[in-house]
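Examination of the molecular architecture
Each chain, letter by letter, is given below.
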Amino acid sequence: MNMTTPSPALPDPPAELAPPVAESAKPARPGTHIRSFVNRRGHITLSQKEALETLAGAWCLPYAARRLSFAQVFGREAPTILEIGFGMGETTEKIALAQPERNFLGVEVFNAGVGAMLRRIENSGLRNVRIIQHDAVEVVRDMIPPDSLAGVHIYFPDPWPKKRHHKRRLIQPPFVQLLASRIAPGGYLHCATDWQPYAEQMLEVLGGEPQLANTCQGYAERPAWRPQTKFETRGLRLGHGVWDLIFARVPAEGSPAAGA
Ligand SMILES: C[S@@+](CC[C@H](N)C(=O)[O-])C[C@H]1O[C@@H](n2cnc3c(N)ncnc32)[C@H](O)[C@@H]1O
């Protein structure tokens, strides 16, 4: 299956299923970005390992610096939702089962999570989910066409609570600017966190991005269609609150849709 459309403007990097990139405390080299994750040699079950070995070929897309054609990847024209950091995939599975008319592209770096999601796809007979195991920042930058996404889900991104780690948080102005440019006008960006200082940062960063408009006054109610995630359950057990934010992509200034 040809899953990508060639983009002559971009160079061809190795198109392997990229494993998580080893991380160190060193500052990023010029031209690279600070990653929002560290290499985790966490426990992986035999079932997840087997799923990675036997099912990745069917449901994972290799990272490549080429723009995707969602119609080719999913074999149909349908609104496509990007989820960044699906963890063990239980929320992705529930939402994708409840919304069969939409495509779900999940990006995750964690081996056990990708294995678990592959198992879910197989067990639930999901046909509207694809996975890219790679840094979401590079996936968004290199593979997602501008103005193409119906929505983006970022549920409980790593909060990096220590001040010296704040630079690792995913929700930062340059990435949000890039991400917003990939959302179709009228599409949405839905974030949730259980870490209040990160919620405040999200509100500030999303509120400061001119391509986005808040759909609520401040934080949003959790929509009924967003199930409680695994990470959220852990946070609630620790006595944390939960903050949802739902912003809409506004038409680019000067475009006919903007009324200019
Ligand atoms: C705290 S967990 C939350 C998982 C899940 N969304 C939940 O609510 O249970 C954050 C996840 O994001 C993933 N992640 C962090 N940075 C990422 C990146 N740049 N690209 C892809 N995945 C990333 C991590 O591996 C981790 O599984």
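No experiment lies behind these values; they were computed from the predicted model shown. (Residues numbered from 1 in each chain as written. Predicted model: local features only at pLDDT ≥ 70, side-chain atom pairs only at ≥ 80, totals over all residues.)

Its identity is not glycine, yet aspartate 147 carries a phi of approximately 55°, on the positive side. Note that aspartate 147 resides in the loop between helix 5 (136-143) and strand 4 (149-155). Phi angles above zero are rare outside glycine, and phenylalanine 156 is one such case at about 55°. You can see phenylalanine 156 is positioned in the loop between strand 4 and helix 6 (173-182). The class for phenylalanine 156 is buried, based on 22 C-beta atoms found within 10 Å. (Helix = DSSP H or I, 4+ residues; strand = E, 2+ residues; numbered from the N terminus. Buried ≥ 20, exposed ≤ 12 C-beta atoms within 10 Å, placed from the backbone.)

So, on to the environment of alanine 136. By secondary structure assignment, the location of alanine 136 is in helix 5. Note on alanine 136: 25 C-beta atoms within 10 Å, which makes it buried. It is 6.0 Å that separates the C-alpha atoms of alanine 136 and valine 107, two residues lying 29 residues apart in sequence. Setting aside chain neighbours within four positions, we find alanine 136 in contact with Ile84, Gly85 and Val107. (Contact = placed C-beta atoms within 7 Å.)

Moving on: the site of the ligand. The ligand sits among 23 residues. The nearest are Gly85, Gly87, Ala136, Thr229 and Phe231. Put simply, the parts of the chain that give the shell around the ligand at least two residues each are helix 5 and helix 8 (230-237). Of the residues forming the shell around the ligand, the biggest block, 3 residues, is contributed by helix 8. Looking at the shell around the ligand residue by residue, the class counts come to 13 nonpolar, 5 polar and 5 charged. (Near = placed C-beta within 6 Å. Nonpolar A, V, L, I, M, F, W, Y, C, P; charged D, E, K, R; others polar.)

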